[in-house]
Amino acid sequence: MKYSTAEKNLFDASLDHMRYAFMPQIVAYASCADDVSKILSSANELNIPTTVRGSGTGCAGGCVPVCGGLVIDLSGINFIEIDGVSRIAHVGAGAITANVDAAANKFGLFYAPDPSSHKYSSIGGNIACNAGGLRALKYGTTRENVLALTAVLADGEKISGALPLKKYSVGLNLRDIFIGSEGTLAVVVEAWLKLLPLPKSKTAALAFFKNDEAAFAGIGKIMKADLSPCILEFMDAETVSCVRKRNPDLSIPEGSAAILAEFDGDKNETEKQAANFVSVLSDISRASFSDENSEMEKLWRVRRSASQSMYELGDSKISQDIVLPNSALAEYFAFYKNLGAQSRLATPVFGHAGDGNYHIHFMYDSADATGRERAVDAMDKAIAKAVELGGAVSGEHGIGFLKSKYMRLQHSRRELELMRSIKKLFDPKDILNRGKIYESFDTAKLSPLKGVRLPWD
């Protein structure tokens, strides 16, 4: 086991994708579960604030050491073992999501959860925030794809959460308590994941609409139709306009919003589903589909370009992921766009339309003295409106410290008290991810670092 106090290593462990940095005093690099047990036993005895990180791809500050202290880096626990008969992957917390999928592919299997950071994100991180991804519509989030796990408690003792079996009904399932707890209850060190047979074929379909409202109507038509997309992605007109500007070779109608779908399974069935998708939307969109790799890639470029293209609207952003009931889309986004206009901020949106998980953004220029303040205020109002309409403050990014102030909007005082009681039961000294989720954190005066490039940029 290695430790480091080198400035570069401390800085690398100080931030995640959102680039709010808090420096720890030391980083410990674990290579096995026993390493984690030894580290936590000492940290607990000495009452040292301890934060756990995998790849650092998170978007809510869950792996950021806001209280300093010790960071445990789990990237070295990265083994991958595939049982092709049981269709189970046994992996370390540091295993990269895409690598798990690639290993499963060799057995004719695949791992379904696919967050956009899948080439870099770790399984432990996915478990920590119950990551979703594009295929969650059909295959569920991380929670639905973890069979069992091993975790290390704050005092260093290892415990099991379920067993690597397809059925398990033996008392309280500790597995489900740890999934989504963001390292506040224990440190997950390994997991057994459910694998599925690789689909024989994939077909992608892309539809352009005259405006956002027409696209929302399209989402409703798709969800009511006899269609089973594994992916259903939405991009609003602001986002598509930016994609169009950065990709002039793509045939994108000016001023349009877009929905991208993918169907997987038997070739005849995927083509039939995609053709039905085009037919269902024929009266309100311009749609096409393809199962040719080169043509599918062109369709997918529209969605993959969304995140970076929106910087056409400003060099900085405040962003969150929310979940909305389909019945609230029109009302919510009318409010949201009006909020952006009142705040003098661009408001591009994209997200997973099939499960109602949208990524909302307020773009601003760093040279604008009041830009960030307006964006923070607007986001607070946008989140409150989502909850008012029956939505959730997060669908897949978790809470960390960046969203902890919104917990009181989502949960009653009693609910929060119960969560804190569970936290105290597992971690009496509150060494694990102190200052996250259960305690409100004031982010108003924080500013993300500029000029920091991360591996996935």
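What counts and what doesn't
- Residues numbered from 1 in each chain as written.
- Predicted model: local features only at pLDDT ≥ 70, side-chain atom pairs only at ≥ 80, totals over all residues.
- Heavy atoms only, no water.
- Helix = DSSP H or I, 4+ residues; strand = E, 2+ residues; numbered from the N terminus.
- Rg over C-alpha atoms; globule rule 2.2 N^0.38 Å.
- Buried < 20%, exposed > 50% of the residue type's maximum accessible area, 1.4 Å probe, protein only.
- Contact = heavy atoms within 4.5 Å.
- Areas by Shrake-Rupley, 256 points an atom, 1.4 Å probe, with all protein chains shown as cover.
- Lys, Arg positive; Asp, Glu negative; His and termini not counted.
- Charge placed at Lys NZ, Arg CZ, Asp CG, Glu CD.
- 1 Å grid on protein atoms, 1.4 Å probe; cavity = no way out; pocket = protein on both sides within 12 Å on 5 of 7 lines; lining within 4 Å.
- Points joined across faces, edges and corners; volume = space filled by probe spheres on them.
- Nonpolar A, V, L, I, M, F, W, Y, C, P; charged D, E, K, R; others polar.
- Pairing = 2+ DSSP bridges.
- Patch = residues over 30% accessible without salt bridge, like charges linked within 9 Å, V, L, I, M, F, W, Y side chains within 5 Å.
- Salt bridge = Lys/Arg side-chain N within 4 Å of Asp/Glu carboxyl O.
- Axes fitted to C-alpha atoms, helices over the stretch in contact; angles between N-to-C directions.
- Parallel < 35°, antiparallel > 145°, perpendicular 65-115°, else oblique.
- Left-handed = near helix turned anticlockwise from the far one by under 90°.
- Disulfide = S-S within 2.5 Å.
- Phe/Tyr/Trp six-rings, centres within 6.5 Å; stacked < 30°, edge-to-face > 60°.

Draft legend 1. Geometry of the overall build of the protein chain. Along the protein chain, the regular secondary structure elements total 15 helices and 18 strands. On C-alpha atoms alone, the protein chain measures out to a radius of gyration of 22 Å, which is about the 23 Å that the 2.2 N^0.38 rule sets for 457 residues. Among the 457 residues that make up the protein chain, the fraction classed as buried is 56%. Restricting the contact set of the protein chain to residue pairs at least 6 apart, pairs at least 24 apart contribute 72%. Accessible surface for the protein chain amounts to roughly 19700 Å². Of this, 51% is attributable to carbon and sulfur atoms. In the protein chain, 52 side chains carry a positive charge and 54 a negative one; their mean positions are 1 Å apart.

Draft legend 2. Region of the structure containing the layout of surface pockets. When its volume is computed, the second largest pocket comes out at roughly 530 Å³. Lining the second largest pocket are 24 residues, and of these Gly180, Ser181, Met407, Met419 and Ile437 lie nearest its centre. Mapped by element, the contributors of at least two residues to the lining of the second largest pocket are helix H14 (407–410) and helix H15 (413–426). Of the residues contributing to the lining of the second largest pocket, the split by class is 12 nonpolar, 9 polar and 3 charged.

Draft legend 3. Quick peek at the pairing of strand S16 (residues 316–323). In terms of burial, S16 is largely enclosed, as 7 of its 8 residues are buried. Across 8 bridges, S16 lies against strand S18 (residues 357–364) in antiparallel orientation. For Ile318, the partnering residue across the bridge sits in S18 and is Phe362.

Draft legend 4. Molecular detail of a nonpolar patch on the surface. Together, Leu163, Leu165, Tyr168 and Val170 give the surface a local cluster of nonpolar side chains, amounting to about 350 Å² of exposed area. Looking at the element boundaries, Tyr168 is found in the loop between strand S9 (158–161) and helix H6 (174–178). Of the residues examined, Tyr168 reaches a relative accessible area of 30% and is grouped as partly exposed.

Draft legend 5. Representation of the side chain of Glu396. Mapped onto the elements, Glu396 comes out in the loop between helix H13 (371–388) and H14. Here Glu396 occupies a buried position and makes no salt bridge, while the nearest side chain of opposite charge, Arg303, is found at 6.9 Å. Excluding its chain neighbours within four sequence positions, the residues that come into contact with Glu396 are Cys129, Asn130, Ala131, Gly132, Gly133, Asp321, His352, Asn357 and His359.

Draft legend 6. Examining the packing of helix H12 (residues 329–343) against H13 more closely. Between H12 and H13, the shortest axis-to-axis distance is 10 Å and the interhelical angle comes to 165 degrees. Taken as axis vectors, H12 and H13 run roughly antiparallel relative to one another. Handedness of the crossing formed by H12 with H13: right-handed. Seen from H12, the contacting residues are Glu331, Tyr332, Phe335, Tyr336, Leu339 and Ser343; seen from H13, they are Arg374, Ala378, Lys381, Ala382, Lys385 and Ala386.

Draft legend 7. Layout of the state of the cysteines. For the structure shown, the criterion picks out 0 disulfides. Cys59 carries a free sulfur, and the closest cysteine sulfur to it, the one in Cys129, is 8.4 Å from it. Residue Cys59 is classed as buried on the basis of its relative accessible area of 18%.

Draft legend 8. Geometry of the pattern of salt bridges. Counted by the stated rule, this structure contains 29 salt bridges. Two residues, Lys403 and Asp321, come together in a salt bridge whose shortest N-O distance is 2.5 Å. Residue Lys403 is found in the loop between H13 and H14, and its partner Asp321 is found in strand S16; the two are separated by 82 residues along the sequence. For the pair Lys403 and Asp321, one class covers both residues: buried. Of the charged contacts in the structure, one is a salt bridge between Arg420 and Glu439, with a shortest N-O distance of 3.6 Å. Of this pair, Arg420 sits in helix H15 while Glu439 is found in the segment after H15, placing the two residues 19 residues apart along the sequence. By relative accessible area, Arg420 is classed as partly exposed at 33%. With relative accessibility at 42%, the residue Glu439 sits in the partly exposed group.

Draft legend 9. Representation of the sheet that holds strand S2 (residues 26–29) within the structure. Strand order across the open sheet formed by 4 strands is S1-S2-S4-S3, with mixed pairing between neighbours. Two strands close off the open sheet at either side, each with one partner strand: strand S1 (2–4) and strand S3 (50–53). Put simply, the sheet's adjacent strands are angled 25 degrees from each other on average, direction ignored. Inspection of the sheet shows S2 paired to strand S4 (residues 70–73) by 4 bridges, in the parallel sense.

Draft legend 10. Highlighting the packing of aromatic side chains. Going through the model one piece at a time under the given rule, you end up with 15 aromatic pairs. When the centroid spacing of 6.1 Å and the interplanar angle of 90 degrees are considered together, the rings of Phe22 and Phe441 count as edge-to-face. Of this pair, Phe22 sits in the loop between helix H1 (7–12) and S2 while Phe441 is found in the segment after H15, placing the two residues 419 residues apart along the sequence. Summarising the aromatic geometry, the rings of Phe333 and Tyr358 are spaced 5.4 Å apart at their centres and angled 75 degrees between planes, so their arrangement reads as edge-to-face. Separated by 25 residues along the polypeptide, Phe333 in helix H12 and Tyr358 in strand S18 bring together distant segments of the chain.

Draft legend 11. Summary view of the environment of Gly400. Tracing the backbone through its elements, the reader meets Gly400 in the loop between H13 and H14. On a C-alpha basis, the gap between Gly400 and Leu446 in space is 15 Å, while along the polypeptide they are 46 residues apart. Once residues within four sequence positions are removed from consideration, Gly400 is found in contact with Ala60, Gly61, Gly62, Glu182, Lys436 and Ile437.

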